Amino acid sequence: PDALLRNHRQNIKRAVALALTSVTVLTFVANFRKRMLEIRQRWTTEESPSIADQTTLIKAKLPPPQPPTIISGQESTNLIDKSLCPLCNQTRINPVASTSGYVYCYRCITMHIRENGNYCPLTNLECKESQ
């Protein structure tokens, strides 16, 4: 009888511990769910612009790149070919986009900026090495 009573007490302690653990986990999950619903409701209110509106605002701020001008001594077909760097007329190596939107070889645009100043060679828009 003592062994049976001791075993019964241990089972009751385990059941209580399991119940407390379950209540703790369920409380955490309920609080987490409540917080996520609050955040979702805040995101969906009409006070904050939607992601589509934000994208439209960003696109409205950036002007489209100007069409390339013909640089004396270069053929116009090289400027139109999108796989070639406008500076070296070779296939771009480690391509990088300038702030004006044109894509150059990293080395070509970096050397141009260091040697000629902070401007895009095609559009004359400001183009810093750190951007």
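The structure this text deals with has already been given above.
Residues numbered from 1 in each chain as written. Predicted model: local features only at pLDDT ≥ 70, side-chain atom pairs only at ≥ 80, totals over all residues. Heavy atoms only, no water.

1. Concerning the packing of aromatic side chains
Remark: the centre distance and the inter-plane angle together describe each pair of aromatic rings, the angle taken between the planes. The final tally for this structure, using the stated rule, is one aromatic pair. Look at Phe28 and Phe32: their rings are 6.3 Å apart centre to centre, the planes differ by 20 degrees, and that puts the pair in the stacked class. Highlighted residues: Phe28 and Phe32, both in helix α1 (residues 2-44), separated by four residues, approximately one helical turn. The partly exposed category is assigned to Phe32, whose relative accessible area is 48%. (Phe/Tyr/Trp six-rings, centres within 6.5 Å; stacked < 30°, edge-to-face > 60°. Helix = DSSP H or I, 4+ residues; strand = E, 2+ residues; numbered from the N terminus. Buried < 20%, exposed > 50% of the residue type's maximum accessible area, 1.4 Å probe, protein only.)

2. Brief notes about the nonpolar core
Of all hydrophobic cores here, the largest spans 10 residues; its members are Cys85, Tyr102, Tyr104, Cys105, Cys108, Ile109, Ile113, Cys120, Leu122 and Cys127. Beyond its immediate chain neighbours, meaning those up to four positions away, Cys108 contacts Cys85, Leu87 and Cys88. (Core = buried A, V, L, I, M, F, W, Y, C linked by side-chain atoms within 4.5 Å. Contact = heavy atoms within 4.5 Å.)

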